[in-house]
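Analysis of the macromolecular model
Listed here are the chains, written in short residue letters.
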Amino acid sequence: MNTPDTDTKLRGPAVWALILTGVASFMAALDNLVVTTALPAIREDLGGKLEDLEWTVNAYTLTFAVLLMFGAALGDRFGRRRLFIVGLAIFTGASAAAALSPGIDALIAARAVQGVGAAIMMPLTLTLLTAAVPAARRGMALGIYGAVTGLAVASGPLIGGSLTEHISWQWIFWLNVPIGLALIPLARLRLAESTAPDARLDVPGTLLISGGLFGIVYALVNANSDGWTSATVLTGLIVGAALVGGFIHHGFNNANPMLPMRLFRDRGFLGINLASLLMFLGMFGSIFLLSQFLQGVAGYSPTEAGLRMLPWTGMPMLVAPLAGILSDRIGGRPVVAAGLAFQALGLGWFAAILSADVSYAAQLPPLILSGIGMALYFAPAANVLMSTVAPADQGKASGTNNALREVGGALGVAVLASVFSAQGGYESPQAFTDGTIPALWIGAGAVALAAGLALLVPRKAKADRTPADRTVAVPEKVPAAG
């Protein structure tokens, strides 16, 4: 018989924690991409301009990003199980509101509230799971958790396309409601409560970064319709930049900021976080346009479009284990840099061959190359990140990286859609293609810059340089694309 220390099976509370946190994480990660293949149907049903479609994506990713670390702090302060249930309830209610939206403005508002719920719920899933699983079995549990979240990212466009085509776009949101209603009582009964007595809330920091990012993204989204020199756009950029600057100053000078800016003095931490932001900027912005191209220009149904995105979004499920083995042998830095380079080459290849009558056979190689690049990046990125900070800072490092990825996704949709609308539009297949090509080149350039920044990460881990501080890093979740 195996002893508790050597038993590799999950039992009782650990199993329930894995199921509940895994399903909650799947829902939140799915909502980052599930809407992409439904965008043409939403536009046809509810109307709206390109800026409105951008906000259906960005309203979720932006509130998710700026409130994610605040949500984690709320759980530490007032009870992780309690706040996990609160976040789950908000997310479920907002999903129902999104499905019932009578117009595009109501849908955008519901998406923003969904992001609030996800920001409270998501950071607590990993904390609750880690606390419930004994150390000897934690690696297996976190591996399953990461695979489930990765599956959500991979299947998001396909699930969104299938529900949109065979039922209606509203069902991409209705899907969350029965699942959320089932999880809430189970979480109350099956998860243990825990707190961190010394946790502090950084309300000024949260307000500064929320206002700053909203101003910048608002200006980027409305720049082409209102004009770059319009009062609203200039005000958004100037005030947004000033508030972000205030947040940075706050992070350097406050005793307990939500994001300690001292961490960015380490060139490795700076490099991997800027690389992550740029990776998501290029990837999310490109998916936003290409998922619409496959339907509006190539003429595929929503389900067919979702299936044809799988070589890109689903490739990490196949390649990530091999990438993990490779990073163990040669180190994470070259694998991350290579992955970002492959992603950039894939996007550039796509931009080079794109035309209104391009065949799927021609699209397949850049899709596969981009998918391999995504997998090579995701697999070792968490360990590369954790190697740049001392063990005491790993929780904040993980939260910072997740938040910057979501910010990158929101900026990517705003920036690439801005380029698209300046060079093309929805008037015809050729106009859509003319706008998509330069946007993809911008996305490819952003990810290529990310590859260079990844090389700032030192070869030797900080844990190796300070033996007294060595610890086992808790693997980070696969993001929600985001």
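Because the structure is predicted, anything quoted here is derived from the model rather than measured.

A short note on the packing of aromatic side chains
Under the definition given, this model contains nine aromatic pairs. Ring geometry for F280 and F284: centres 5.7 Å apart, planes at 20°, overall stacked. With F280 and F284 both in helix α11 (residues 267–296), this residue pair falls four residues apart, about one helical turn. We classify F284 as buried; its relative accessible area is 4%. A centroid spacing of 5.7 Å and a plane angle of 70° characterise the contact between F420 and Y426, whose relative ring orientation is edge-to-face. For Y426, a relative accessible area of 25% gives the class partly exposed. Following the ring pairs from residue to residue traces out a cluster consisting of W55, F214 and Y218. Residue placement shows R43 over the ring face of Y426; its charged tip is 3.9 Å from the ring centre. Residue placement shows R308 over the ring face of Y360; its charged tip is 5.3 Å from the ring centre.

Overview of the packing of helix α4 (residues 80–99) against helix α8 (residues 176–190)
Across the interface, α4 lies against α8 with an axial gap of 9 Å and an inter-helix angle of 165°. Here α8 runs roughly antiparallel to α4, going by the angle between their axes. Judged by the sense of rotation from one axis to the other, the crossing of α4 with α8 is left-handed. Contacts from R81, F84, I85, L88, A89, F91, T92, S95 and A96 of α4 reach α8 at N176, V177, G180, L181, L183, I184, A187 and R188. Of the residues contributing to the contact of α4 with α8, the split by class is eleven nonpolar, four polar and two charged.

Structural notes on the nonpolar core
Counting residues in hydrophobic clusters, the biggest one holds 133 residues, and the most contacted among them are F84, F288, W312 and L340. With 16 residues, the top contributor of residues to this core is α11. The residues contacting F84, other than those within four sequence positions of it, are L20, A24, M121, L124, T125, L128, A187 and L191.

A word on the side chain of S276
One can find S276 in helix α11. The exposure class of S276 is buried, given its relative accessible area of 0%. Beyond its immediate stretch of four places on either side in the chain, S276 contacts Y377, N401 and R405.

As for the side chain of S25
Among the secondary structure elements, S25 is positioned in helix α1 (residues 12–33). Looking at S25, the relative accessible area reads 0%, which means it is buried. Those residues within four positions of S25 in sequence are excluded, and the remaining contacts are M122, Y145 and T149.

Description of the confidence of the model for the protein chain
Taken over all residues, the pLDDT of the protein chain has a mean of 81, while the share at 70 or more is 89%. Of all helices and strands in the protein chain, the one with the weakest mean pLDDT is helix α18 (residues 462–465) (46), whereas α4 scores best (93). The low-confidence segment residues 1–8 (pLDDT under 50) makes six contacts with residues lying over four places distant or belonging to another chain.

Some details on helix α10 (residues 231–253)
Under the 1.5 Å per step criterion, the end-to-end length of α10 is 32 Å for 23 residues, consistent within 8% with the ideal 33 Å. Every buried residue belonging to α10 is among V233, G236, G240, V244, F247, H250 and G251, and all of these are buried. Tucked into the core, α10 has its buried residues touching α9 (203–226).

What counts and what doesn't
Residues numbered from 1 in each chain as written. Predicted model: local features only at pLDDT ≥ 70, side-chain atom pairs only at ≥ 80, totals over all residues. Heavy atoms only, no water. Phe/Tyr/Trp six-rings, centres within 6.5 Å; stacked < 30°, edge-to-face > 60°. Helix = DSSP H or I, 4+ residues; strand = E, 2+ residues; numbered from the N terminus. Buried < 20%, exposed > 50% of the residue type's maximum accessible area, 1.4 Å probe, protein only. Lys NZ or Arg CZ within 6 Å of the ring centre and 35° of its normal. Axes fitted to C-alpha atoms, helices over the stretch in contact; angles between N-to-C directions. Parallel < 35°, antiparallel > 145°, perpendicular 65-115°, else oblique. Left-handed = near helix turned anticlockwise from the far one by under 90°. Contact = heavy atoms within 4.5 Å. Nonpolar A, V, L, I, M, F, W, Y, C, P; charged D, E, K, R; others polar. Core = buried A, V, L, I, M, F, W, Y, C linked by side-chain atoms within 4.5 Å. pLDDT = per-residue confidence, 0-100. Expected span 1.5 Å × (residues − 1).

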